[in-house]
Amino acid sequence: QVQLVESGGGLVQAGDSLRLSCSASEGTFSRYAMGWFRQAPGKERVFVASIDWSARTAKYADSVRGRFTISRDNAKNTLYLQMTSLKSEDTAIYYCAKERMPWGLGYPPTGFASWGRGTQVTVSS
């Protein structure tokens with residue numbers, strides 16, 4: 001079972017930038033599409049962004065498109081989420097996730113089966 005560990009969260013001000021990382025314990029990381037999801041207080045977990053196994057295709061939620069960038073380094077088994085122009089509504093716990101099946105696109109975001117424990121991002125206005 002792969003272990004996913006998120007890091008990089010914190011307390012920032014509106015307009016600031018932050019980069020999240022997700023480290024995977026498994027050596028087969030490069031075969032799987034990966035994604036970021038977030039859960040705000042009192043709300044359901046929602047899709048943020050995904051990237052296919054080859055890093056050729058990235059998809060974004062409308063709320064973050066143009067501000068967030070997902071990327072991956074398969075040599076380091078690490079997924080990233082660069083967040084810029086942060087808003088108070090970006091406050092949430094951010095989770096990384098791995099698709100159940102290899103060689104996928106990561107979109108639509110219905111095939112994610114392994115999750116990290118999350119990292120808190122708080123944006124003050």
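Not measured: the values here are computed from a predicted model. (Residues numbered from 1 in each chain as written. Predicted model: local features only at pLDDT ≥ 70, side-chain atom pairs only at ≥ 80, totals over all residues. Heavy atoms only, no water.)

> So, the packing of aromatic side chains: which residues are in play, and what are the values?
Applying the stated rule across the entire model yields 5 aromatic pairs. Their ring planes at 75 degrees and their centres at 5.3 Å tell us that phenylalanine 37 and phenylalanine 112 sit as a pair that is edge-to-face. Here phenylalanine 37, found in strand E4 (residues 34–39), pairs with phenylalanine 112, found in strand E10 (residues 112–115); they are 75 residues apart in sequence, far enough to count as distant. When sorted by exposure, phenylalanine 37 lands in the same class as phenylalanine 112, which is buried. (Phe/Tyr/Trp six-rings, centres within 6.5 Å; stacked < 30°, edge-to-face > 60°. Helix = DSSP H or I, 4+ residues; strand = E, 2+ residues; numbered from the N terminus. Buried < 20%, exposed > 50% of the residue type's maximum accessible area, 1.4 Å probe, protein only.)

> Describe the state of the cysteines, listing the residues and the values that go with them.
Counted by the stated rule, this structure contains 1 disulfide. The disulfide bridge from cysteine 22 ends at cysteine 96, spanning 1.9 Å between sulfur atoms. Placement of the pair is cysteine 22 in strand E3 (residues 18–24) and cysteine 96 in strand E9 (residues 92–99), with a sequence separation of 74 residues. (Disulfide = S-S within 2.5 Å.)

> Tell me about the sheet that holds strand E7 (residues 68–73), and name the residues and values.
The strand order across the open sheet built from 4 strands is E1-E3-E8-E7, with neighbouring strands paired in antiparallel fashion. Looking at strand neighbours, the two that pair on one side only are strand E1 (4–7) and E7, the edges of this open sheet. Strand-to-strand, the axes of this sheet are offset by a mean angle of 15 degrees, without reference to chain direction. (Pairing = 2+ DSSP bridges. Axes fitted to C-alpha atoms, helices over the stretch in contact; angles between N-to-C directions.)

> Got a sec to walk through the nonpolar core? Specific residues and values, please.
Taken as a class, soluble globular proteins show a tendency for nonpolar side chains to be buried jointly. With 31 residues, the main nonpolar core has Trp36, Leu79, Leu81, Met83 and Tyr94 as its most contacted residues. Mapped onto this core, the elements with two or more residues apiece are E3, E4, strand E5 (45–51), E7, strand E8 (78–83), E9 and strand E11 (119–124). (Core = buried A, V, L, I, M, F, W, Y, C linked by side-chain atoms within 4.5 Å.)

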